[in-house]
Amino acid sequence: MDVYEAVDSRRSVRAFSDEPVSKEVLERVLATATRAPSSGNLQPWHVYVVTGEPLAELKRHATARALAGDPGDEREYPMYPDELTSPYLDRRSAAAVQWYKAMGVEREDPDRSMKIAALNSEAFGAPVVLFCYLDRTMGPGQWGDAGMYLQTVMLLLRAEGLHSCPQVMWTMYRKTVSQIVGADEGLALFCGVAVGFEKEGAPRLRTGRAEMTETVSFIGV
């Protein structure tokens, strides 16, 4: 798979099979991803790879919290700005319609938030979840580094025939995650990434993207 194909085929999969992912493949992906760009070569990320019984335990605890209507732990960073305007709000709203439909949750369902949280806390059935942390002393530049690192990881997963789904939702249950992985107090959870093989027959969701002309300006060309 070349880079263009990996980029084009990468999408957030929300239905995974229970087929295991070998440690050898995960090690190959994560070792190669160390070449991701990092300002000043700080390489600020710290990743916990969770699978097997520890992941099952984490899913049980997180799902119980979700189904109990637990609003989650106090956020350490906002998922979105308080007030989104067009075109950003329009893009998010359009994607939300697709997400709800694909996951079988009606947008008007009064228990929508709880049901979505429960689906997320199961990592959509993924047999592996990567939890990416950053040192609390890091700033916005290093959070950008972490994004580039995770994109590198997700593209390498595609080269291995695997899919993924980044999940900022795990920050809602960051205390539960930290208890399972044993993260140091000096680390802040950035997000989780569900990893696995796509479940056969599951509805495939591919959200739209803005035309390049909406987001790119050529100067002097």
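Let us look at the structure shown here. (Residues numbered from 1 in each chain as written. Predicted model: local features only at pLDDT ≥ 70, side-chain atom pairs only at ≥ 80, totals over all residues. Heavy atoms only, no water.)

As a further point, take a nonpolar patch on the surface. A contiguous nonpolar patch, built from M212, V216, F218 and V221 and spanning about 450 Å² of accessible area, is present on the exposed surface. Residue classification places F218 among the exposed positions, given a relative accessible area of 56%. (Patch = residues over 30% accessible without salt bridge, like charges linked within 9 Å, V, L, I, M, F, W, Y side chains within 5 Å. Areas by Shrake-Rupley, 256 points an atom, 1.4 Å probe, with all protein chains shown as cover. Salt bridge = Lys/Arg side-chain N within 4 Å of Asp/Glu carboxyl O. Buried < 20%, exposed > 50% of the residue type's maximum accessible area, 1.4 Å probe, protein only.)

Another aspect to go through is the nonpolar core. Core analysis: the biggest nonpolar cluster contains 32 residues, and Y48, F131, Y133, W170, V177 and V181 have the highest contact counts within it. Going through the elements one at a time, β1 (45-51), α3 (52-67), α4 (88-102), α5 (112-121), β2 (128-135), α7 (174-181) and β4 (187-196) are the ones with two or more residues in this core. Among all residues touching Y48, those that are not within four sequence positions of it are V129, L130, F131, Y133, V181, G182, A183, D184 and L187. Residues V25, L30, C191 and V193 belong to the second largest nonpolar core, which totals 24 residues. (Core = buried A, V, L, I, M, F, W, Y, C linked by side-chain atoms within 4.5 Å. Helix = DSSP H or I, 4+ residues; strand = E, 2+ residues; numbered from the N terminus. Contact = heavy atoms within 4.5 Å.)

It is the contact of α3 with α5, at a shortest axis distance of 8 Å, that shows an interaxial angle of 180°. Taken as axis vectors, α3 and α5 run roughly antiparallel relative to one another. Seen from α3, the contacting residues are K59, A62, T63, A66 and L67; seen from α5, they are M114, A117, A118 and S121. Among the residues making up the contact of α3 with α5, the classes are represented as 6 nonpolar, 2 polar and 1 charged. (Axes fitted to C-alpha atoms, helices over the stretch in contact; angles between N-to-C directions. Parallel < 35°, antiparallel > 145°, perpendicular 65-115°, else oblique. Nonpolar A, V, L, I, M, F, W, Y, C, P; charged D, E, K, R; others polar.)

Between S86 and P87 the backbone carries a cis peptide bond, its omega angle lying at 10°. Turning to its location among the elements, P87 is positioned in the loop between α3 and α4. Look at A123: it is not a glycine, yet its phi comes out positive at around 55°. Residue position: A123 is located in the loop between α5 and β2. Exposure remark for A123: the relative accessible area of 0% places this residue in the buried category.

As a further point, take the pattern of salt bridges. Summed over all chains, the structure comprises 11 salt bridges. For R28, the salt bridge is made with E24, and the minimal N-O distance between the two is 3.8 Å. A residue pair is termed a helical-turn pair when its members lie 3 or 4 positions apart in one helix, as R28 and E24 do in helix α2 (residues 23-32) at 4 residues. Under the relative-accessibility criterion, R28 is labelled partly exposed at 38%. By relative accessible area, E24 is classed as exposed at 55%. R136 is the salt-bridge partner of E76, the closest N and O atoms lying 2.3 Å from each other.

For the rest of this paragraph, the subject is α7. Buried within α7 we find R174, T176, V177 and V181. Angular distribution of buried residues about the axis of α7 spans 160°; they occupy a single face of the element. A positive phi of about 75° marks G182, the residue just after α7. (Arc of directions from axis to C-beta.)

The subject of this paragraph is the sheet that holds strand β3 (residues 163-167). As a general point, the strands of a sheet are linked pairwise by backbone hydrogen bonds and lie either parallel or antiparallel. An order of β1-β2-β4-β3 is seen for the 4 strands of this open sheet, with the pairing classed as antiparallel. Edge strands, defined here as strands with exactly one partner in the open sheet, are β1 and β3. Put simply, the sheet's adjacent strands are angled 25° from each other on average, direction ignored. Across 7 bridges, β1 lies against β2 in antiparallel orientation. In the sheet register, V50 faces β2, and the bridge partner there is V129. (Pairing = 2+ DSSP bridges.)

Just geometry here; none of it tells us what the structure is for.
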